[in-house]
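One-letter residues, chain by chain:
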Amino acid sequence: MRRTAMKWNAAVLVLMAIVLIACSDSKETRKQRFLLKGNELLMKQNYPLALKNFEEALRLDSCYADALNNMGTVYFRQRQYAEALQYYSTAIGCKPGFLNAHFNRANTFYELGKPEDALRDIQFIKSEKPDTLTVHFLEGLVFTRKRDYSAALASFNRALAIDSLNAELWVNIGTVHYYAHNFEASREALVKAYALNDAEANAYNTLALVSAAEEQFDEAMNWITKALDLKPRDAYFLNNRGFIYLLQDNLEKALEDINKSITLDPYNGWAYRNKGIYYLKSDDATAALRVLKQAVELDPFIDEVFYYLADAYLKTGDRTNACVAWNESKARGENVKVDLNPCSNK
């Protein structure tokens with residue numbers, strides 16, 4: 001009897017093990033199902049339902065790194081960068097060395113204006129996967145934001161060594177040269193970009209800015225028209241056409257394009273800079289000061305914004321802040337054509 005009981009107990013234990021394994025498999029399957037459904041909804045930009053599915057996955061496993069990473073992406077897509085950062089960091093904590101989360105966190109640091117933090121994540125990815133094109137690409141963007149143009153070009157060139165026929169890389173090289181006021185080198189890179197891909201609208205957009213900087217306004221308008229033919233509702237392209245109209249003193253058309261740009265993308269700081277220029281040209285320095293401050297709050301990188309801010313402060317009689325903005329403009333090497341000289345004692 002005793003031996004029979006032992007056999008019966010062993011059979012029960014085997015059955016229980018089978019049940020536990022089945023439950024474990026079921027949990028893993030359900031977890032992955034929620035993840036896949038959330039990913040599908042994320043692709044469709046149905047963010048509330050995507051979040052719900054990722055949350056369900058996390059109820060099954062609170063340290064499910066893939067779900068945490070993708071929740072970060074939901075918030076990132078909605079420009080809620082602080083929340084995105086938290087989820088990416090938690091994903092890395094749950095799964096050390098999770099390269100996708102490191103990349104996403106670097107991108108978030110970039111958007112938050114924290115380039116040094118972004119570079120730390122980028123360096124980690126490079127140490128693990130040195131031949132990853134997207135990492136060199138992002139590194140180039142980060143160095144551009146830091147105004148370290150030589151380092152940015154070095155990063156983009158490393159990416160080119162992996163894919164020399166990538167038109168987007170050539171656009172970014174052209175853009176860096178534009179920011180550095182190397183207009184001939186900028187043109188060369190941008191021409192390569194659209195030779196590789198004649199539908200690369202960003203190449204035409206940046207060529208328009210180069211032409212505008214060289215005061216070739218008709219040529220600039222031709223380039224920006226090409227860009228808008230490809231992407232008629234692009235907020236940045238509309239804003240840049242507005243900028244060209246401003247340089248031509250066509251204020252009515254300029255304001256129309258700039259306002260359309262802001263409607264399409266309320267976070268486009270460049271459009272607020274251009275609206276500030278519009279108000280300066282319309283002799284409304286108070287309104288100019290208001291929108292130029294908005295531009296700096298949205299994106300302090302924006303080219304020449306501190307020059308125009310100095311001009312607005314000066315015209316409102318605030319010479320102290322005008323001098324501060326002017327010194328910042330000079331420190332950034334902004335391409336200023338008129339010396340406001342607000343720091344003089346006169």
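Counting restarts for each chain, with residues numbered from 1 along the sequence as it is written. Note on the predicted model: pLDDT of at least 70 is required for a residue's local features to be given, and 80 or more for side-chain atom pairs to be given and counted; whole-chain, interface and lining totals, by contrast, use all residues. The basis for every side-chain value is the complete set of non-hydrogen atoms in the structure, without hydrogens or water.

### Overview of the state of the cysteines
Working definition of a disulfide: a covalent bond connecting the sulfur atoms of two cysteines. Two cysteine sulfur atoms make up a disulfide if the distance between them is within 2.5 Å. Inspection of every chain in the model, using the stated rule, returns 2 disulfides. Covalently, Cys 63 is tied to Cys 94 through a disulfide, its sulfur atoms 1.8 Å apart. Since a negative S-S torsion denotes a left-handed disulfide, the Cys 63-Cys 94 link at about -105 degrees is left-handed. One end of the pair, Cys 63, is in the loop between helix 2 (47-60) and helix 3 (65-77); the other, Cys 94, is in helix 4 (residues 81-94), with 31 residues separating them in the sequence. The connectivity of the disulfides in the protein is 1-2, 3-4, where the numbers refer to bonded cysteines in sequence order. Only DSSP runs of H or I with at least four residues qualify as helices, and only runs of E with at least two residues qualify as strands; both kinds are numbered from the N terminus onward.

### Looking at the pattern of salt bridges
For this document, the term salt bridge refers to a Lys or Arg side-chain nitrogen within 4 Å of an Asp or Glu carboxyl oxygen. Under the counting rule described, the total for this entry stands at 18 salt bridges. We note a salt bridge from Arg 332 to Glu 328, for which the minimum N-O separation is 2.7 Å. A residue pair is termed a helical-turn pair when its members lie 3 or 4 positions apart in one helix, as Arg 332 and Glu 328 do in helix 18 (residues 319-332) at 4 residues. Under the relative-accessibility criterion, Arg 332 is labelled buried at 19%. The class of Glu 328 is partly exposed, set by a relative accessible area of 31%. Three or more residues are tied together by salt bridges with common partners; here these are Glu 28, Lys 31 and Asp 61. Summary of the burial criterion: residues with accessible area below 20% of their type's maximum are buried, those above 50% are exposed, and those between are partly exposed, where the area comes from a 1.4 Å probe applied to protein chains only.

### Looking at the packing of helix 9 (residues 167-179) against helix 10 (residues 183-196)
Axis definition: a line fitted to C-alpha atoms, limited for helices to the stretch in contact. Angles are taken between N-to-C directions and run from 0 to 180 degrees. With their axes 8 Å apart at the nearest point, helix 9 and helix 10 run at an angle of 165 degrees to one another. Here helix 9 lies roughly antiparallel to helix 10, going by the angle between them. Along this stretch, helix 9 crosses helix 10, giving a crossing that reads as left-handed. For the pair formed by helix 9 and helix 10, the contact residues are Ala 167, Trp 170, Val 171, Ile 173, Gly 174, His 177 and Tyr 178 on the first element and Phe 183, Ala 185, Ser 186, Ala 189, Leu 190, Lys 192, Ala 193 and Leu 196 on the second. For this classification, Asp, Glu, Lys and Arg are treated as charged, while Ala, Val, Leu, Ile, Met, Phe, Trp, Tyr, Cys and Pro are nonpolar and the rest, including Gly, are polar. Classifying every residue of the contact of helix 9 with helix 10 gives 11 nonpolar, 3 polar and 1 charged. What sets the label is the angle itself: under 35 degrees gives roughly parallel, over 145 gives roughly antiparallel, 65 to 115 gives roughly perpendicular, and the rest give oblique. In this scheme the handedness of a crossing depends on how the near helix is turned from the far one: anticlockwise by less than a right angle means left-handed, clockwise means right-handed. We call two residues in contact whenever any of their non-hydrogen atoms come within 4.5 Å of each other.

### A short note on the nonpolar core
Across soluble globular proteins, you tend to see nonpolar side chains buried next to one another. We call a set of buried residues a nonpolar core when its members are Ala, Val, Leu, Ile, Met, Phe, Trp, Tyr or Cys and they connect through side-chain atoms within 4.5 Å of each other. Ile 224, Leu 292 and Leu 309 are the most contacted members of the largest nonpolar core, which has 83 residues in total. Apart from the residues within four sequence positions on either side, Ile 224 is in contact with Tyr 204, Asn 205, Ala 208, Phe 237, Asn 240, Arg 241 and Ile 244. Counting 24 residues, the second largest nonpolar core, distinct from the first, contains Leu 35, Leu 41, Leu 58 and Ala 65.

### Digging into the confidence of the model for the protein
Values of pLDDT, the confidence the predictor places in each residue, fall between 0 and 100. Confidence in the prediction of the protein, expressed as mean pLDDT, is 92, and 92% of residues score 70 or more. Confidence over residues 1-8 falls short of pLDDT 50; this stretch has 0 contacts with residues more than four positions distant or in other chains.

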